[in-house]
Structure formats: C-alpha cells, structure tokens
Amino acid sequence: MMKNLRALIDDHESQESVKVQSFHADEKEEVPSEENKEVKEKIFKHTTSNSSSELTFPEIYLNKELYELALKIQDTFMMNLKSDQKITKDSLEEVLPEYILSFPQTRHLKRETLDDIKTMIINGIIGFGHISTIFDIAKDGLNDVIVNTKDFVDVIFNGKTIVTPFTFRNEEELRKVIDKMLAENNRKIDEAHPIMSSKLDDGSRVEVQIPPIAANDGSCITIRKFNEIPLLLEMLIDGGQMDMKMAYFLVKAAKGKCNIIVSGGTSSGKTTFLNAMTRFIDENEQLMVIEDTREMQPQMPCHSIRQYEARMANEEGKGAIPLDYLLRSALRSSPRRIVVGECRGAEIVVMLNAMNTGHPGSMTTVHADNTKEALVRVENMYLEARPSANISFIRTQIVSAVDLIIQLVRFPDGSRKLIAVSEIERRMEDNGIISLNDIFQFKRDTSDMKKTKGEFQVLSTPSRTVDQMNMFGVDIDRRVFDPNFEMPKSMLIEALETDLPSVMCGWKDEFMDVFLEKDPKIFHKWPHFQRMKREE
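Predicted, not measured: the structure shown is a model, and the values here were computed from it. (Residues numbered from 1 in each chain as written. Predicted model: local features only at pLDDT ≥ 70, side-chain atom pairs only at ≥ 80, totals over all residues. Heavy atoms only, no water.)

Explain the overall build of the protein chain residue by residue, including any values.
Within the protein chain one finds 20 helices and 15 strands. Intrachain contacts of the protein chain at a sequence separation of at least 6 include 60% that bridge at least 24 residues. Taken as a whole, the protein chain presents about 26600 Å² of accessible surface, with 49% of it coming from carbon and sulfur. (Helix = DSSP H or I, 4+ residues; strand = E, 2+ residues; numbered from the N terminus. Contact = heavy atoms within 4.5 Å. Areas by Shrake-Rupley, 256 points an atom, 1.4 Å probe, with all protein chains shown as cover.)

Following this line, the structure appears as structure tokens:
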C-alpha cells in the first residue's frame, strides 16, 4: 500500500530512533480511517475556503531559507527523474517522501513543512507550479489569479485583492507554465501571436499576454477561477446582494419572460447572477447559451440547455466563428430563450433582433457603470457594427427589445450589490433619449466608507414588465412596490419553491452538504431546501 509522507516519517523515526521535538505532539494523534479522512478533508476544504479570515500561505514561501531548500530538493529530484518514465501523481506521492527525508536539512522540519515541499514539487512537475498551489490553498474562495511578470502574483480572494509571496525564478519558468495551460485547450502562444485566450480543464478562463505585447519585461496571466459549487439566488440574498422584494420581482420577471440586460464592471457577479436567474426558466423552454469562453452553469435540466462557444482563428487566421455568427445559427435552431454571456460588439445587433422576433425572456450582459451608461454602451456597439444606422432607429430598437436593465457593482471591500433595477419605458424623452423608470435601488450609507452598508429602496411601480408577466400568465403581488409594505419571507419562498435547484444539470447531492457547512441554519432560513434532502 502506498505510504503518505506522515507514515514514512513515522517509520523513519522508529527505525533510526530519531527524536524530533516538533513531531512529539503529532505522534499521539489517532490515525483516521480513509473514509473519515475524506469527509474531514471535504469539510475542511469548504469551511476554510469560504471563511472571512484572510488567506494564509505555507511557511516555505514566507521563509527564504526554507524556500531555497525546497528549490534545491526540487532541482535535484528533477535531475534524477528519468524522462522515459510515466509520471503520475501516485508515483510521485510514493517516492517523494523518502527522497525529501534523504536531505539532512529536512530532519528537523515540521510535517506540514515537509508536506508543503512535496506538494510544491508535485505541482511543479504535473501541475502549473505556484498557480496550482494557489488553487490548493484558496480553493472555493478564489476568484482570480493575476500574474504580472515573474516577480508578482496577486489573487482576488472572496472579492478582495491579496498580494502573495509567490514568484517565478525566471521568464522561462513562467513560459513553461503558460505553455502547459494553453496545451489543455490545444492552444499555443509565440511572438507572432502574443495574445491568447483559453480555458483549463476545470472550466477556468485564462487570458495570456507575452512580450512584446506585454511591455513590462515579462509575461502576464489572468485566470478567472471556475467554481463548481453553484451560487443560488437564496445565497445571493443571504449574502446581502439584494433584498427579498428585489428577489421576488426578479423571479417573476424571469418566469414572465422579460428581456433583461445585466450591466456591471469586471468581477461584479454578472455571470453568477445570470446563472441564478436561469433556474426560473420553465424546463420545457429550450435555452440557448452563447459565449466567447464557456463560463455559465445554467441552473436548468440538461435536456433544456444547449451551449455554444465561439472559436478563435487558427495560426493562418482562418476558422474563426464569432458570437454573431453563432447567434444567427442559434436563431435557426428553435430556441425559446437565448442567453449571450456578454455582448461586446456586432452580436448586439443580432441579440436585439432576437429579443424583438419571438424570443422573449432572453438575457445578456454588458460592461457599464450604471443603467443609463448601459444604454449608451448598447448604442455604441450597435453603431460600431452598423456605422450607417440612424441613432433614432437604434433607440427605437432598444426600447422595443429590452424590458429591464439590472446594475451590479463590486465595492472596494469585496462585497457585491444589485444597486439598481430599471425598466425601459415605451416612450422617448423630448430630446430623443430613452426614458428609464427606476424600480429598485441600493442607497449606500456614507457614514462608514470602509464597509459597504446601506438599504434597498423601492422607487416606483413598473407597468411594462408587469404587463409582460401577465401576458405570459405570471401573477405578481403589487404590494412589493409599496415602500411601506413589510414583505413576509413566506411570500418569497412560495415563489422560489416551485423551482428547486436539484433539477439543474450537474447537480450533486454533496452540494447540500457544502451549503450546510457554510450555513448550518440553511434549512431554517429556506425550508423548501428540506424537500431536496428528503428526495435523496
């Protein structure tokens, strides 16, 4: 049976009668069974990765002497490694413990440090080096990894930017990691093609730039980490992203086939929000999801979802399939609703046409700072695609196609909020500008600028969206638009409980265990989740 590092250390101590002070406390620990160990590791993974505490790094990356020792062990191991051997993680786990202990300097080290050295070597050989180590440490709390040349690696962890102690020894080492990442999606990068978009096997999105495009003397990598655990609308409410009135209205808007544009900046939670909204689309409606790089996890049954991904041109500049081409193909494939991950260019023309021509309930996202700027952004993209188009015609097209604009913001403390829900009115202002009716807003309390505090407010009663809901047989309690109405939670639960997340494609029973670890009171807060537990 293959031995782990801890077992081999114990054997080595008993054989050599070496008494190391740092190991005495651990020797009394009971060795857990494999089953219990897996459960504990699973619980540890999700409780630590989602806690509010700061990200901590292994000692070998904080102590210069330990790091140099780890590099020395790694280099000598690589020199002795035979290239004709098939290298697997299991084989490395088997041989590395004894190899590490063969260095006299490691005899006095703590077991955690020895484990970290082993992990560093394994990640360097079969992983992505320090980036794989970051994945292991941050786990589900990781949002982004930002590599700025060989000297700087930052992460966005639970919405906050953190400087890490990781560095690459030289540009060559960094480029090897880049090549490994791109190889997972059959992509390659060179000076002739110095910018490349790709994704990892786990779905994480990768953007790479190398010199001469990367002008600060080194390559740059940005990784948007893919999270397998879905974020449900209930979690967004508990996290303070919206209040119950907003959530109730948005659930009814999704069921009532309102065309929605989600606006926000980078990492404001647009894709997460779209995922949560798709849960309330009827499973009998065919959903077509179109993206540059696949990121969305629609919370619908598998048979209801068709996902398409754009393709970049090859080295000869041929074979590109852009979003607008995919969108035209989708329109000929009998979709009932269409979701475009993000509109950045010419696809906005086809998207607006789709919303106007028998695909109600379609959604997309744009980059903008508020709902009014989102309209300007849509107009600009349309003009870039059709320079000869008349601005009045474009605005008429937008008014006809779009029902709601939802604004998301990520604040400096890492929190995300839905700050505005605006309805596009079916009329123009006197100067030809599109008229917006703000329904909900988040008003920030400016007395404490370090933390994001405030209240969600009801501003007005919509007319267009309510008419749209009624047309498709969705009834909404208009009391939610009364600022003085105290909405009971049971009213929201009644709207949510008909669409349990357990029907979504890729749902695992283990997700409920994770939710319980994050919040042991989840069944008390959201009683309809108990039905999923009973169905197991």
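Account for helix α6 (residues 111–126), naming residues and giving values.
For α6, spanning 16 residues, the distance from its first C-alpha to its last is 22 Å, which sits close to the expected 22 Å at 1.5 Å a residue. For α6, the full list of buried residues reads Arg111, Thr113, Leu114, Ile117, Lys118, Met120, Ile121, Ile122, Asn123 and Ile125. (Expected span 1.5 Å × (residues − 1). Buried < 20%, exposed > 50% of the residue type's maximum accessible area, 1.4 Å probe, protein only.)

Any chance you could break down the environment of Ile493 for me, citing the residues and the numbers?
You can see Ile493 is positioned in helix α17 (residues 489–496). With 35 residues separating them along the chain, Ile493 and His528 place their C-alpha atoms 7.3 Å apart. Setting aside anything within four residues of it in sequence, one finds Ile493 in contact with Lys525, Trp526, Pro527 and His528.

Any details on the sheet that holds strand β14 (residues 434–444)? Residues and values, ideally.
Where strands meet in a sheet, backbone hydrogen bonds hold them as pairs that are either parallel or antiparallel. The mixed open sheet is built from nine strands, whose spatial order is β9-β8-β10-β11-β7-β12-β13-β14-β15. Where the open sheet ends on each side, the last strands, each with one partner, are β9 (305–309) and β15 (454–458). Averaged over all adjacent pairs, the angle separating strand axes in this sheet is 20°, with direction ignored. Note: strand β12 (residues 404–410) against strand β13 (residues 416–428), seven bridges, orientation antiparallel. Bridge pairing links Ile406 to Val421 in β13. Most of the contacts of helix α15 (residues 391–401) go to β13, to which it runs at about 115°, and overall it touches β13 and β14. (Pairing = 2+ DSSP bridges. Axes fitted to C-alpha atoms, helices over the stretch in contact; angles between N-to-C directions.)

Got a sec to walk through the nonpolar core? Specific residues and values, please.
Counting 64 residues, the largest nonpolar core has Leu233, Met242 and Phe249 as the members making the most contacts within it. By residue number, the principal contributor to this core is helix α10 (residues 244–255), which donates eight residues. In this structure Leu233 touches Met242, Ala247, Val251, Ala276, Arg279, Phe280 and Leu496, once residues within four positions along its chain are discounted. Listed in part, the 51 residues of the second largest apolar core include Phe57, Leu96, Val147 and Val155. (Core = buried A, V, L, I, M, F, W, Y, C linked by side-chain atoms within 4.5 Å.)

Account for the sheet that holds strand β5 (residues 205–209), naming residues and giving values.
Read across the sheet, six strands follow the order β3-β2-β1-β6-β5-β4 without closing on themselves; strand pairing throughout is antiparallel. Of all strands in the sheet, those with a lone pairing partner are β3 (160–163) and β4 (195–199), marking the two edges. Each neighbouring strand pair of the sheet contributes to a mean axis angle of 15°, computed without reference to strand direction. In this fold helix α7 (residues 130–138) packs onto β1 (142–148), β2 (152–157) and β6 (220–224), with an angle of close to 155° to the strand it touches most, β1.

Tell me about the pairing of β12, and please be specific about residues and values.
Of all seven residues that make up β12, six are buried, and the element is covered over most of its length. Relative to β12, strand β7 (residues 260–264) is paired through five bridges, and the arrangement is parallel. Looking at the pairing, Ser263 lines up with Gln407 of β12. Where β12 hands over to β13, the hairpin turn is made up of five residues, of which Gly414 adopts a positive phi near 95°.

Keep in mind that these numbers describe shape and distance, not what the molecule does.
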